[in-house]
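Letter by letter, the chains look like this.
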Amino acid sequence: MLEVKAVSKNFSGVSAVEDVSFTVNENEYVTLLGSSGSGKSVLLRLIAGLLTPDEGDVFLNGTPITDLPCHERRIGFVQQKYALFPHLNVYDNIAFGLRHRVIDPVKDESIIRKKVQNTIELVGLVGQETKMTGQISGGQKQRVSLARTLVTEPKICLLDEPLGALDANLRERMTIELQNIRRELGVSFMHVTGNEFEALAMGQNMLVMSDGRIVQQGAPQDMYARPQDLITAKSMHNFNIFSGDDLSAQLKAGTSDKLPATKLKDAHFCAIPMDKIDISDASAKTSGLSAEFLTSEFLGNKIIYFFKIENGDVCEVENHMSLRERRELKANATYQLHWKSKDILYYGENKQLLG
Amino acid sequence: MRSNKGTWLLLSPGIIWITLFLVAPLIMMIYVSFWTQTTFSIKPDMTVVSWVNFFSSDTYFGALLRTIRIWFTVLMVTILVGFPVALYIGQFIKNKTLQTALLVTCVIPFWTSFLIRVLAWRPMLGKEGAINILLQKMGIINAPIEVLLYTELSVIIGMVQIYVVFMVGPIAFMIGRIDGSLIEGARDLGASTWTIFRRIILPLSMPGVIVGAIFVTVMVLGEFATASALSGRKVNLLGNIIITQVGSLKWAFAAVAGVVLTVVMATFVAIMLRIVNLRNQL
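One structure accompanies this document, and this report is about it.

Cut-off values and rules
- Per chain, residues are indexed from 1 in the order of the written sequence.
- Just so you know, chain letters begin at A and ligand numbers begin at 1, following the order they were written in.
- Given that the model is predicted, a residue must reach a pLDDT of at least 70 before its local features are reported, and side-chain atom pairs must reach 80 or more before they are shown or counted; all residues, however, enter totals for whole chains, interfaces and linings.
- In this description a helix means any DSSP run of H or I spanning at least four residues, a strand means any run of E spanning at least two, and both kinds are numbered starting from the N terminus.
- Neighbour counting defines burial: a residue surrounded by 20 or more other C-beta atoms within 10 Å of its own C-beta is buried, one with 12 or fewer is exposed, and intermediate counts give partly exposed, using backbone-placed C-beta atoms.
- Two residues qualify as being in contact provided that their C-beta atoms, derived from the backbone, are within 7 Å of each other.
- Inter-axis angles, ranging from 0 to 180 degrees, are taken between N-to-C directions of lines fitted to C-alpha atoms, where helices are fitted over the stretch in contact.
- Here roughly perpendicular refers to angles of 65 to 115 degrees, roughly parallel to angles under 35, roughly antiparallel to angles over 145, and oblique to all remaining angles.
- Each helix crossing is assigned a hand: it is left-handed if the near helix lies turned anticlockwise from the far helix by less than a right angle, otherwise right-handed if that turn is clockwise.
- By the convention adopted, Pro, Cys, Tyr, Trp, Phe, Met, Ile, Leu, Val and Ala count as nonpolar, Lys, Arg, Asp and Glu as charged, and the other residues, Gly among them, as polar.
- A set of buried Ala, Val, Leu, Ile, Met, Phe, Trp, Tyr and Cys residues, joined through C-beta atoms within 7 Å, is what we mean by a nonpolar core.
- All the domain ranges listed were derived from an automatic or database domain assignment.

The helix and strand inventory of chain B stands at 14 helices and two strands. Taking the principal axes of the C-alpha coordinates as reference, chain B spans close to 75 × 70 × 30 Å. Residues counted as buried form 33% of the 282 residues belonging to chain B. Counted over contacts in chain B with a minimum sequence separation of 6, partners at least 24 positions apart contribute 70%.

Put into structure tokens, the structure is as follows:
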């Protein structure tokens, strides 16, 4: 079990990680979602021991490891750039940790061969053993990098945007494979990503990081349905965020339902899921929020319509093809947007969910 | 291979250049080494007399062995001295500007002429030179160390100082190219600093060592000025032999020495290139 307690890190006065605390349990897949510059890579490096925190402590199975050098921590770190050794072949890259680690190096080549072969089978690299790292594809490099870490049987494995450099098809396959590999080994994974789909799909537990702080942690489905924090809501890329002085007027315009009066009074921001908004023509009898249609984006199984509302903000409406037929809208024409009261999430001045 | 003509046209400047200024002179040198040499003239009658003389004479064959010995010593010392400097510049200096500044500092001695650089060692190493005075003042020695100047040692010291920068440059370049993430990766896999140096940095810097070794070799094997200036003409290298032979118009003999020198160099460069595949590494 990994515990991070009140860890902070500054770089020449600029705070990169601030008062971060969380726990990764045994045999758990945790995802950490954050945009670039949110401090997520720094946090991983602090855990791995490649950086030292200014404040706070890191514990592994109850033992403080904050002052332990990186090579004595037994925490696996799969780097974003793979960092494979270019002068070694795939086999020797994977065997590196077993052969050359300070603690408990394996001297018996037959044991090394067995362990490396098992890991090669696990990550699906059979037949690539003698190739140099320059001769294999991006996806294979990623597997070598993962295998190289897993073969050393780390207590926890940190993955820094492991799928970032892979193409979409391969990424989808690797999401499933990563989960299978983890389950088979029973080791905890902490997977850092800037992609909300990856974070939602892979994590049993999910952390959202912004400006060096953890803003929310919990199960992915809760995170998606009811983000407790406005930043989380934004990072899900599934919500239209409404704000401004005319907030309640905007919300009322879009629905005939009765809105909760106290929440409406306290709300500084509101979030409405993109797929919970309906579009009707301006001439329709029902009331709605007037919006100018800008453009649409066709994504195969869904289509996203972009509207400009009166205060100049852009509002996105997602239309799943399985639910509704595709509508042809006229550019620069005015339409009306509708929603239901139950779909609106209200956030206070502190950007926390109300009620 | 669409246009053979075009290919040859593009290649021709290089081919012409190499033929005119490398292949032709080399063939000429080999050819002349078999000419018949009399005291003041040389005739194109083929003979192996010059070759036999070269290898049967202690003076000349000894000069070859001495040249190889001094070259090898200088090469080893430049690696031993140059590698730590390059490692420091390439790995420990993270600021690129400072890295460049330090490399430029290494070549500052080259702003003065070659002869001055060599002769500057005389007041340093001499019997009443700076080093002897300093050591005597500090009470480390009683009498001046005489072996410092006009010996093989002084030639080696002078050459190392002049040529070490050609070793530092390529190694620092290769070490500077090693991605920091490789070192972090190795550390995370549990390797100690020494293991990282031995298993990652050293093998990845080998192409730099090879290039540096080739630079130093080519320059040291052809050297004559440092040897004559710092040894008081006591240490004769193959280069010095060529100078004196050419001076006394013994072209055939000078050509033999030249061919021998070229063969030694070419053999070394070929071996080096076999050890490290530069094309893959650079």
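This next bit is on the interface of chain B and chain A. Counting residues at the interface gives 16 residues for chain B, matched by 18 residues for chain A. Every element with two or more residues in the side of chain B that touches chain A is listed here: α9 (180-188) and α10 (193-221) of chain B. Ranked by residue count, the leading element in the side of chain B that touches chain A is α9 of chain B, at six residues.

Our next topic: unusual backbone geometry. All names here are of chain A. Look at Tyr82: it is not a glycine, yet its phi comes out positive at around 70°. In this fold, Tyr82 is placed in the loop between β6 (75-78) and α2 (90-100). One non-glycine residue, Asp104, lies in positive phi territory at about 55°. On the secondary structure map, Asp104 appears in the loop between α2 and α3 (109-123).

To continue, consider the environment of Phe166 of chain B. By the element assignment, Phe166 of chain B lies in helix α8 (residues 152-176). Once you skip the residues sitting within four places of it in the chain, Phe166 of chain B turns out to touch Gly212, Phe215, Val216 and Met219 of chain B.

All names here are of chain A. At a minimum axis separation of 10 Å, α3 and helix α4 (residues 138-150) run at an interaxial angle of 140°. One way to sum up the angle between α3 and α4 is to call them oblique. Along this stretch, α3 crosses α4, giving a crossing that reads as right-handed. The segment α3 lies against α4, with Thr119, Ile120 and Val123 engaging Arg143, Leu146, Ala147 and Leu150. The residue makeup of the contact of α3 with α4, split by class, is five nonpolar, one polar and one charged.

Before going further, it helps to examine helix α1 (residues 40-48) of chain A. Residues and elements named next belong to chain A. With nine of nine residues buried, α1 lies mostly within the body of the structure. Taken together, the buried positions of α1 are Lys40, Ser41, Val42, Leu43, Leu44, Arg45, Leu46, Ile47 and Ala48. Two residues or fewer past α1, Gly49 is found with a positive phi of approximately 95°.

This part takes up the nonpolar core. By size, the foremost hydrophobic cluster in this structure holds 94 residues, and its most contacted members are Ile47, Ala147, Leu158 and Cys270 of chain A. When residues of this core are assigned to their parent elements, the largest contribution, six residues, is made by α1 of chain A. Taken domain by domain, this core gets at least three of its residues from each of domain 1 (2-232) and domain 2 (238-347) of chain A. Judged by nonpolar contacts, the second largest core, of 54 residues, contains Val32, Ile162, Leu221 and Ala227 of chain B.

All names here are of chain B. Among the structural elements, Val168 can be located in helix α8. Between the C-alpha atoms of Val168 and Met76, which are 92 residues apart in sequence, the distance is 13 Å. Dropping the residues within four chain positions of it, Val168 is found in contact with Gly82, Val85, Ala86 and Cys106.

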